[in-house]
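The primary structure of each chain is shown beneath.
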Amino acid sequence: MPLETKLVGDKQLVLTRAFAAPPDRVYRAHTEAALVRQWMSGTMGYVISDCSYDARPGGSYRVVWEGDDDQMPSFSVSGEFLALDPPHRIEHVERMHLPEMTTSDNHIVTEFAAHDGGTLMTMTMTFDSSDARDEAIATGMTEGMEACYLQLDTL
């Protein structure tokens, strides 16, 4: 099932996607830097130049993507983990660092549930405002996420 998106209220974006792997493997792919590098890199002409994950409450993470030419400027995401319940739930705060701006904090809760022999992932993003949510969507974030998730399918 490809990534499904749904706007909820003024500030939320809910993303849903199914994976053929069990929840513990999909959870690990979202919390271990070595695995993140394998599925989040190389999409749409970008490669990961830096990736660090300290997946524990109070720990931080950072991923930097570099474009393969001048038309594709580098960008990054960073954040802090608030709570983890392996392999069921990740709660963290994230911000995108784009050449033209850094977004406000995005509060994200990602849940992993066993479903049809695989995993149903539900990610609820809560932004500071409807403008912040719309700006994040306008960056092409959801298209980039699905391109990465297609790579995660093969992992």
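In what follows, the structure referred to is the one given above.
Everything in this summary refers to the structure shown in the same document. In this text, all values refer to a predicted model and were calculated from it rather than measured experimentally.

### A short note on the overall build of the protein chain
Assigned secondary structure in the protein chain consists of four helices and nine strands. Ordering the α and β elements of the protein chain from the N terminus gives β-β-α-α-β-β-β-β-β-β-β-α-α. Computed over C-alpha atoms, the radius of gyration of the protein chain comes to 15 Å, within 12% of the 15 Å expected from 2.2 N^0.38 for 155 residues, which places it in the range of a compact globule. Based on the C-alpha atoms only, the size of the protein chain along its principal axes is roughly 45 × 35 × 30 Å. Within the protein chain, the fraction of its 155 residues that count as buried is 45%. If you sum the accessible surface of the protein chain, you get close to 7800 Å²; carbon and sulfur atoms cover 51% of it. Charge-centre separation for the protein chain: the mean point of 11 positive side chains lies 6 Å from the mean point of 25 negative side chains.

### A few points about helix H3 (residues 130-138)
Inspection of H3 places Ala132, Arg133 and Ala136 among the buried residues, and these make up the whole buried set. Along H3, the residues classed as buried sweep out an arc of 100° about the axis, all on the same side. Seen from the open side of H3, the exposed residues pointing more than 90 degrees away from its buried face are Asp131 and Ala138. Looking one or two residues past H3, Gly140 carries a phi angle of roughly 90°, positive in sign.

### Notes on the pattern of salt bridges
The tally for this structure, following the rule as stated, stands at nine salt bridges. A salt bridge links Arg17 to Glu146; its shortest N-O distance comes to 2.7 Å. On the criterion of sequence distance, the pair formed by Arg17 in strand S2 (residues 12-19) and Glu146 in helix H4 (residues 141-154) is long-range, its members being 129 residues apart. The partner of Asp153 in a salt bridge is Arg17, and the shortest N-O contact between them spans 2.7 Å. With Asp153 in helix H4 and Arg17 in strand S2, this residue pair connects regions lying 136 residues apart in the sequence. On the accessibility criterion, Asp153 (41% relative accessible area) is partly exposed.

### Some words on the pairing of strand S5 (residues 75-85)
In the sheet, strand S4 (residues 60-67) pairs with S5 via six bridges, with the strands oriented antiparallel. Within S5, the residue paired with Tyr61 across the bridge is Gly79. Examined bridge by bridge, S5 and strand S6 (residues 89-98) share nine bridges and lie antiparallel to one another. Bridging across to S6, Leu84 finds its partner in Ile90. Count of turn residues in the S5/S6 antiparallel hairpin: three residues.

### Describing the layout of surface pockets
Computed from the structure, the largest pocket encloses a volume of approximately 760 Å³. If you list the elements that add at least two residues to the lining of the largest pocket, you get helix H2 (33-40), strand S3 (46-53), S4, S5, S6, strand S8 (106-115), strand S9 (118-126) and H4. Of the volumes computed, that of the second largest pocket is approximately 200 Å³. Around the second largest pocket, the lining residues are Phe19, Ala20, Ala21, Arg25, Val26, Arg28, Ala29, Leu35, Leu152, Asp153 and Leu155. Listed by contribution, the elements that provide at least two residues to the lining of the second largest pocket are helix H1 (23-29) and H4. The element best represented in the lining of the second largest pocket is H1, accounting for four residues. Tallied by class, residues from the lining of the second largest pocket come to eight nonpolar, no polar and three charged.

Rules and cut-offs
- Numbers given to residues run from 1 along each chain, matching the order in which its sequence is written.
- Two thresholds apply to this predicted model, a pLDDT of at least 70 for residue-level local features and 80 or more for giving and counting side-chain atom pairs, whereas whole-chain, interface and lining totals are computed over all residues.
- Computation of side-chain values: all heavy atoms of the structure, hydrogens and water removed.
- Secondary structure follows DSSP: runs of H or I at least 4 residues long count as helices, runs of E at least 2 residues long count as strands, and numbering of each begins at the N terminus.
- In this description the radius of gyration comes from C-alpha coordinates, and the expected globular size is given by 2.2 Å times residues to the power 0.38.
- Relative accessibility under 20% of the residue-type maximum defines a buried residue, over 50% an exposed one, and the middle range a partly exposed one, all with a 1.4 Å probe and only protein chains included.
- Accessible surface is estimated by sampling points in the Shrake-Rupley manner with a 1.4 Å probe; for residues, cover comes only from the protein chains shown.
- Only four residue types enter the tally: Lys and Arg on the positive side, Asp and Glu on the negative side; His and the chain ends are excluded.
- For charged residues, the charge sits on one atom: NZ in Lys, CZ in Arg, CG in Asp, CD in Glu.
- This arc is built from the directions going out from the helix axis to the C-beta atoms.
- Within this document, salt bridges are pairs made up of a side-chain nitrogen of Lys or Arg and a carboxyl oxygen of Asp or Glu, the two lying within 4 Å of each other.
- Between any two strands, pairing holds if DSSP finds at least two bridges.
- Grid points spaced at 1 Å and placed over the protein atoms alone form the basis of the search, with a cavity being a set where a 1.4 Å probe fits but cannot get out and a pocket an open set showing protein on both sides within 12 Å along at least five of seven lines. Lining residues have an atom within 4 Å of a point.
- Grid points are joined across faces, edges and corners, and a volume is the space filled by probe spheres set on the points.
- Throughout this entry, Asp, Glu, Lys and Arg are counted as charged residues, while Ala, Val, Leu, Ile, Met, Phe, Trp, Tyr, Cys and Pro are counted as nonpolar. The remaining residues, Gly among them, count as polar.

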